Amino acid sequence: MPAFLTTFPGHPEFERACAHLNSTGARYELVSPLPGYGCVGVPAIVVEQEERARLAIADGGAFTCSGWVEFRPATLPVPASAPLGFAADTFGRCAIMVLAPCVADEARIRLVAHISGNLEPVMPFLNATTASGLYCPDGPTFTFMEGPRMISLYSRRITVAKADEIVDAWRTLEQVRVWVNEVWQRRETISPCHETRHRPPALEVYRRLPGTNCRACGEKTCMAFALRLWKAEVSPARCEPVFAGRFSHLRPALLSICAGLGIDIKGLEDGQE
Ligand code: SF4
(Lines give C-alpha, C1' and ligand atoms only; values in the text may rest on other atoms or scores of the structure.)
Protein backbone atom coordinates (compact mmCIF):
# COMPACT_ATOMS: atom_id res chain seq x y z
CA MET A 1 0.00 0.00 0.00
CA PRO A 2 1.53 3.38 -0.93
CA ALA A 3 2.45 5.77 1.85
CA PHE A 4 2.08 9.55 1.72
CA LEU A 5 4.26 12.31 3.07
CA THR A 6 3.57 15.85 4.14
CA THR A 7 5.56 18.61 5.78
CA PHE A 8 4.52 21.86 7.43
CA PRO A 9 4.84 25.64 7.09
CA GLY A 10 6.38 25.83 10.58
CA HIS A 11 7.22 23.92 13.74
CA PRO A 12 3.97 24.87 15.57
CA GLU A 13 1.94 23.24 12.76
CA PHE A 14 4.16 20.16 12.89
CA GLU A 15 3.72 19.89 16.65
CA ARG A 16 -0.07 20.31 16.35
CA ALA A 17 -0.14 17.55 13.73
CA CYS A 18 1.86 15.19 15.96
CA ALA A 19 -0.41 15.96 18.92
CA HIS A 20 -3.46 15.20 16.77
CA LEU A 21 -1.98 11.96 15.43
CA ASN A 22 -0.99 10.84 18.93
CA SER A 23 -4.42 11.65 20.33
CA THR A 24 -6.11 9.55 17.66
CA GLY A 25 -3.66 6.67 17.94
CA ALA A 26 -2.68 7.05 14.29
CA ARG A 27 0.44 5.29 13.09
CA TYR A 28 3.01 7.55 11.45
CA GLU A 29 6.72 7.89 10.85
CA LEU A 30 8.91 10.97 10.88
CA VAL A 31 11.46 12.14 8.32
CA SER A 32 13.65 14.75 9.98
CA PRO A 33 15.82 17.43 8.34
CA LEU A 34 18.03 17.51 11.44
CA PRO A 35 20.80 18.17 11.87
CA GLY A 36 22.19 19.04 8.43
CA TYR A 37 19.10 20.63 6.89
CA GLY A 38 17.77 22.26 10.04
CA CYS A 39 17.78 25.77 8.50
CA VAL A 40 15.60 24.80 5.55
CA GLY A 41 13.16 22.18 6.73
CA VAL A 42 10.44 21.27 9.22
CA PRO A 43 10.07 17.52 9.91
CA ALA A 44 7.80 15.56 7.58
CA ILE A 45 5.37 12.82 8.54
CA VAL A 46 4.60 9.67 6.57
CA VAL A 47 1.27 7.87 6.86
CA GLU A 48 -0.48 5.12 4.97
CA GLN A 49 -3.30 5.90 2.57
CA GLU A 50 -6.08 5.06 5.01
CA GLU A 51 -4.61 7.34 7.67
CA ARG A 52 -4.23 10.13 5.18
CA ALA A 53 -7.93 9.94 4.29
CA ARG A 54 -8.78 10.30 7.99
CA LEU A 55 -6.40 13.24 8.33
CA ALA A 56 -7.98 14.96 5.33
CA ILE A 57 -11.22 15.11 7.33
CA ALA A 58 -9.41 16.31 10.47
CA ASP A 59 -7.33 18.79 8.48
CA GLY A 60 -10.23 21.26 8.51
CA GLY A 61 -9.35 22.35 12.05
CA ALA A 62 -6.69 20.12 13.57
CA PHE A 63 -3.65 21.39 11.68
CA THR A 64 -2.39 22.85 8.44
CA CYS A 65 0.07 20.96 6.27
CA SER A 66 1.95 21.97 3.11
CA GLY A 67 0.41 19.33 0.81
CA TRP A 68 0.78 15.62 0.16
CA VAL A 69 3.07 13.60 -2.10
CA GLU A 70 3.65 9.89 -2.44
CA PHE A 71 6.43 8.85 -0.07
CA ARG A 72 9.74 7.81 -1.62
CA PRO A 73 12.72 6.84 0.55
CA ALA A 74 15.69 9.19 0.27
CA THR A 75 18.67 8.03 -1.74
CA LEU A 76 21.10 10.19 0.27
CA PRO A 77 21.18 10.70 4.06
CA VAL A 78 20.72 14.01 5.86
CA PRO A 79 24.23 15.30 6.76
CA ALA A 80 25.25 14.48 10.32
CA SER A 81 26.87 17.88 10.91
CA ALA A 82 25.12 21.16 11.77
CA PRO A 83 24.48 23.63 8.92
CA LEU A 84 27.10 26.27 8.14
CA GLY A 85 26.51 29.60 9.84
CA PHE A 86 27.08 32.99 8.20
CA ALA A 87 27.90 36.29 9.91
CA ALA A 88 26.03 38.19 7.18
CA ASP A 89 23.03 35.97 6.43
CA THR A 90 20.77 37.26 3.64
CA PHE A 91 18.81 34.00 3.41
CA GLY A 92 17.76 33.28 6.99
CA ARG A 93 15.63 30.17 7.39
CA CYS A 94 12.97 28.67 5.18
CA ALA A 95 10.04 26.29 5.32
CA ILE A 96 8.06 24.54 2.60
CA MET A 97 4.62 26.15 2.28
CA VAL A 98 3.42 24.19 -0.77
CA LEU A 99 4.33 20.60 -1.58
CA ALA A 100 2.86 18.69 -4.55
CA PRO A 101 3.73 16.15 -7.26
CA CYS A 102 5.34 17.66 -10.38
CA VAL A 103 2.83 18.32 -13.13
CA ALA A 104 5.12 16.94 -15.86
CA ASP A 105 6.56 14.04 -13.85
CA GLU A 106 4.47 12.71 -10.97
CA ALA A 107 7.38 10.64 -9.69
CA ARG A 108 9.08 13.90 -8.67
CA ILE A 109 7.95 16.70 -6.38
CA ARG A 110 7.64 20.47 -6.58
CA LEU A 111 7.53 22.98 -3.78
CA VAL A 112 7.32 26.60 -2.76
CA ALA A 113 9.44 27.59 0.25
CA HIS A 114 9.18 30.93 2.04
CA ILE A 115 12.36 32.42 3.46
CA SER A 116 12.82 34.77 6.40
CA GLY A 117 15.61 36.74 4.65
CA ASN A 118 15.59 38.75 1.42
CA LEU A 119 17.22 37.51 -1.79
CA GLU A 120 16.65 40.65 -3.86
CA PRO A 121 19.96 42.40 -2.95
CA VAL A 122 22.05 39.32 -3.76
CA MET A 123 20.55 38.59 -7.22
CA PRO A 124 22.79 41.00 -9.23
CA PHE A 125 25.80 39.32 -7.59
CA LEU A 126 24.46 35.85 -8.44
CA ASN A 127 23.91 37.11 -11.98
CA ALA A 128 27.49 38.34 -12.20
CA THR A 129 28.98 35.05 -11.04
CA THR A 130 26.64 32.47 -12.61
CA ALA A 131 26.60 32.31 -16.40
CA SER A 132 23.86 29.68 -16.54
CA GLY A 133 21.20 31.58 -14.55
CA LEU A 134 18.39 33.71 -15.96
CA TYR A 135 18.00 37.04 -14.11
CA CYS A 136 14.95 39.26 -14.53
CA PRO A 137 15.44 42.53 -12.61
CA ASP A 138 11.75 43.46 -12.96
CA GLY A 139 10.57 40.60 -10.73
CA PRO A 140 13.14 40.29 -9.51
CA THR A 141 13.73 36.59 -10.18
CA PHE A 142 16.75 34.41 -10.74
CA THR A 143 16.14 31.00 -12.35
CA PHE A 144 18.60 28.19 -12.92
CA MET A 145 18.81 24.43 -13.34
CA GLU A 146 20.49 21.95 -11.03
CA GLY A 147 20.42 18.63 -12.87
CA PRO A 148 16.73 18.06 -13.70
CA ARG A 149 15.57 20.50 -10.98
CA MET A 150 14.40 23.97 -12.01
CA ILE A 151 14.96 26.47 -9.21
CA SER A 152 13.57 30.01 -9.15
CA LEU A 153 14.56 32.56 -6.55
CA TYR A 154 12.22 35.45 -5.66
CA SER A 155 12.78 38.09 -3.00
CA ARG A 156 11.23 36.06 -0.22
CA ARG A 157 10.50 32.65 -1.68
CA ILE A 158 12.01 29.84 -3.70
CA THR A 159 10.31 27.40 -6.04
CA VAL A 160 11.83 24.04 -6.90
CA ALA A 161 10.46 21.71 -9.59
CA LYS A 162 11.49 18.09 -10.13
CA ALA A 163 13.12 17.34 -6.79
CA ASP A 164 13.45 13.58 -6.19
CA GLU A 165 11.82 13.44 -2.76
CA ILE A 166 11.70 15.45 0.48
CA VAL A 167 15.34 14.96 1.52
CA ASP A 168 16.46 15.92 -1.97
CA ALA A 169 14.22 19.02 -1.67
CA TRP A 170 15.90 19.99 1.63
CA ARG A 171 19.33 19.30 0.12
CA THR A 172 18.48 21.61 -2.79
CA LEU A 173 17.27 24.39 -0.46
CA GLU A 174 20.35 24.04 1.76
CA GLN A 175 22.60 24.21 -1.29
CA VAL A 176 20.88 27.46 -2.33
CA ARG A 177 21.17 28.86 1.22
CA VAL A 178 24.92 28.21 1.36
CA TRP A 179 25.56 29.42 -2.20
CA VAL A 180 23.57 32.65 -1.76
CA ASN A 181 25.30 33.47 1.52
CA GLU A 182 28.77 32.67 0.17
CA VAL A 183 28.20 35.04 -2.79
CA TRP A 184 26.76 37.66 -0.41
CA GLN A 185 29.87 37.40 1.78
CA ARG A 186 32.08 38.08 -1.28
CA ARG A 187 29.96 40.97 -2.64
CA GLU A 188 32.69 43.58 -2.03
CA THR A 189 34.84 41.75 -4.59
CA ILE A 190 32.12 41.26 -7.26
CA SER A 191 30.79 43.83 -9.73
CA PRO A 192 27.01 43.36 -9.69
CA CYS A 193 25.37 42.67 -13.05
CA HIS A 194 21.85 44.10 -13.57
CA GLU A 195 21.38 42.86 -17.16
CA THR A 196 18.87 40.23 -18.22
CA ARG A 197 20.36 37.31 -20.09
CA HIS A 198 18.05 35.90 -22.74
CA ARG A 199 17.61 32.17 -23.01
CA PRO A 200 18.66 30.92 -26.47
CA PRO A 201 15.78 29.37 -28.44
CA ALA A 202 15.44 25.61 -28.94
CA LEU A 203 16.31 26.10 -32.62
CA GLU A 204 19.82 27.12 -31.57
CA VAL A 205 20.13 23.79 -29.72
CA TYR A 206 18.90 21.96 -32.83
CA ARG A 207 21.56 23.69 -34.94
CA ARG A 208 24.23 22.07 -32.77
CA LEU A 209 22.90 18.53 -33.30
CA PRO A 210 23.79 16.31 -36.29
CA GLY A 211 20.34 16.63 -37.93
CA THR A 212 20.35 12.98 -39.08
CA ASN A 213 17.26 11.90 -37.11
CA CYS A 214 19.00 8.61 -36.31
CA ARG A 215 16.86 8.03 -33.15
CA ALA A 216 19.81 6.80 -31.05
CA CYS A 217 18.71 9.23 -28.30
CA GLY A 218 15.27 7.65 -28.14
CA GLU A 219 13.55 10.58 -29.89
CA LYS A 220 12.10 10.39 -33.38
CA THR A 221 13.89 13.50 -34.61
CA CYS A 222 16.78 15.75 -33.66
CA MET A 223 14.25 18.59 -33.23
CA ALA A 224 12.30 16.53 -30.67
CA PHE A 225 15.55 15.89 -28.80
CA ALA A 226 16.49 19.59 -29.01
CA LEU A 227 13.15 20.53 -27.44
CA ARG A 228 13.60 18.06 -24.58
CA LEU A 229 17.15 19.31 -24.07
CA TRP A 230 15.95 22.92 -24.05
CA LYS A 231 13.48 22.00 -21.31
CA ALA A 232 16.34 20.26 -19.42
CA GLU A 233 14.49 16.95 -19.46
CA VAL A 234 17.39 14.90 -20.84
CA SER A 235 21.19 14.87 -20.79
CA PRO A 236 22.96 16.01 -23.98
CA ALA A 237 25.06 12.82 -23.66
CA ARG A 238 22.10 10.83 -25.00
CA CYS A 239 23.02 12.02 -28.48
CA GLU A 240 25.48 9.19 -29.18
CA PRO A 241 26.69 10.50 -32.55
CA VAL A 242 27.96 13.62 -30.76
CA PHE A 243 29.33 11.94 -27.62
CA ALA A 244 30.53 8.59 -29.00
CA GLY A 245 30.35 8.81 -32.77
CA ARG A 246 31.32 10.62 -35.93
CA PHE A 247 29.83 13.98 -34.93
CA SER A 248 32.13 14.58 -31.95
CA HIS A 249 33.24 17.90 -33.51
CA LEU A 250 29.80 19.28 -32.49
CA ARG A 251 30.37 18.48 -28.81
CA PRO A 252 31.96 21.80 -27.68
CA ALA A 253 29.23 23.91 -29.30
CA LEU A 254 26.47 21.69 -27.89
CA LEU A 255 27.96 21.75 -24.39
CA SER A 256 28.44 25.49 -24.55
CA ILE A 257 24.76 26.18 -25.32
CA CYS A 258 23.69 23.61 -22.72
CA ALA A 259 25.76 25.42 -20.08
CA GLY A 260 24.07 28.68 -21.10
CA LEU A 261 20.68 27.02 -20.60
CA GLY A 262 21.69 25.97 -17.10
CA ILE A 263 21.88 22.25 -17.98
CA ASP A 264 24.30 20.25 -15.86
CA ILE A 265 27.25 19.29 -18.09
CA LYS A 266 29.62 18.14 -15.33
CA GLY A 267 31.77 15.24 -16.54
CA LEU A 268 30.74 15.68 -20.19
CA GLU A 269 33.49 17.99 -21.40
CA ASP A 270 35.76 15.01 -21.96
CA GLY A 271 33.00 12.94 -23.56
CA GLN A 272 31.98 10.88 -20.52
CA GLU A 273 28.33 10.33 -19.81
S1 SF4 B 1 20.83 10.77 -31.32
FE2 SF4 B 1 21.46 12.83 -31.90
S3 SF4 B 1 21.55 12.74 -34.14
FE4 SF4 B 1 20.34 11.00 -33.49
S5 SF4 B 1 18.18 11.73 -33.48
FE6 SF4 B 1 18.98 12.02 -31.44
S7 SF4 B 1 19.70 14.12 -31.47
FE8 SF4 B 1 19.52 13.51 -33.61
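Residues numbered from 1 in each chain as written. Predicted model: local features only at pLDDT ≥ 70, side-chain atom pairs only at ≥ 80, totals over all residues.

Novice: Looking at this structure, I do not really get the overall build of the chain. What am I missing?
Specialist: A tally of regular secondary structure across the chain gives eight helices and ten strands. Relative to its full complement of 273 residues, the chain shows a buried share of 32%. Taking as baseline every contact in the chain between residues at least 6 positions apart, the subset at least 24 positions apart corresponds to 66%. (Helix = DSSP H or I, 4+ residues; strand = E, 2+ residues; numbered from the N terminus. Buried ≥ 20, exposed ≤ 12 C-beta atoms within 10 Å, placed from the backbone. Contact = placed C-beta atoms within 7 Å.)

Novice: Mind showing me how you'd approach the sheet that holds strand S1 (residues 3-6) here?
Specialist: Pairing between the strands of a sheet comes from backbone hydrogen bonds, and it takes one of two forms, parallel or antiparallel. Here four strands make up an open sheet; going across it, the order is S2-S3-S1-S4 and the pairing antiparallel. Taken across any chain shown, the strands that pair with only one partner, and hence form the sheet edges, are strand S2 (29-31) and strand S4 (68-70). This sheet shows a mean twist of 35 degrees between the axes of neighbouring strands, independent of strand direction. Across three bridges, S1 lies against S4 in antiparallel orientation. Considered in S4, the bridge of Leu-5 is made with Val-69. (Pairing = 2+ DSSP bridges. Axes fitted to C-alpha atoms, helices over the stretch in contact; angles between N-to-C directions.)

Novice: Explain the site of the ligand here, please?
Specialist: Taken together, 14 residues lie near the ligand, and Cys-214, Cys-217, Cys-222, Phe-225 and Cys-239 sit nearest. Looking at the shell around the ligand, the elements with two or more residues in it are helix H6 (222-230) and helix H7 (240-243). Grouping the constituent residues of the shell around the ligand by class yields nine nonpolar, two polar and three charged. (Near = placed C-beta within 6 Å. Nonpolar A, V, L, I, M, F, W, Y, C, P; charged D, E, K, R; others polar.)

Novice: Got a minute to help me understand the environment of Gly-211 in this structure?
Specialist: Summarising the element assignment, Gly-211 is placed in the loop between helix H5 (202-206) and H6. A tally of 14 C-beta atoms within 10 Å means that Gly-211 is categorised as partly exposed. For the pair Gly-211 and Leu-153, spaced 58 residues apart in sequence, the C-alpha separation works out to 36 Å.

Novice: I keep staring at helix H8 (residues 251-260) and nothing clicks. Help me out?
Specialist: Side chains three or four residues apart in an α-helix point the same way, a direct result of the helix having 3.6 residues per turn. Taken as a whole, H8 has its buried residues at Leu-254, Leu-255 and Cys-258. Buried residues of H8, viewed axially, fall in a sector of 95 degrees; they line one side. In H8, the exposed positions that point more than 90 degrees away from the buried face belong to Pro-252 and Ser-256. If you follow the buried residues of H8, they end up packed against H6 and H7. (Arc of directions from axis to C-beta.)

Novice: Just to check I follow, could you spell out unusual backbone geometry for this structure?
Specialist: For residues besides glycine, phi is generally negative; the peptide bonds are generally trans as well. The residue after Leu-34, namely Pro-35, is reached through a cis peptide bond having omega 0 degrees. Secondary-structure assignment places Pro-35 in the loop between S2 and strand S3 (44-48). Across the junction of Gly-139 and Pro-140, the peptide omega takes the value -10 degrees, indicating a cis bond. Structurally, the position occupied by Pro-140 is in the loop between strand S7 (134-136) and strand S8 (141-146). Phi at Ala-232 is positive, roughly 60 degrees, even though this residue is not glycine. Along the chain, the position of Ala-232 falls in the loop between H6 and H7.

Novice: Honestly, the pairing of S1 in this entry has me stumped. Any pointers?
Specialist: Working note: regular strand, side chains alternate between the two faces of the sheet. With four bridges connecting them, S1 and S3 associate as antiparallel partners. For Phe-4, the partnering residue across the bridge sits in S3 and is Val-47.

Novice: Teacher, can you tell me more about the domain arrangement of the chain here?
Specialist: When the parts of a complex come together, some accessible area is lost, and that lost area is often taken as the interface size. If you check the domain split of the chain, you get domain 1 (3-189) and domain 2 (202-260). One C-alpha centre belongs to domain 1, the other to domain 2, and the line joining them spans 32 Å. (Domains from an automatic or database assignment.)

Novice: Looking at this structure, I do not really get the sheet that holds S8. What am I missing?
Specialist: If you trace the six strands from one edge of the open sheet to the other, you get S5-S6-S10-S9-S8-S7, paired in antiparallel fashion. Where the open sheet ends on each side, the last strands, each with one partner, are strand S5 (94-101) and S7. On average, adjacent strands in this sheet sit at an angle of 15 degrees to one another, irrespective of strand direction. Both S7 and S8 contribute to a ladder of three bridges, which runs antiparallel. Bridge pairing in S8 links Cys-136 to Thr-141.

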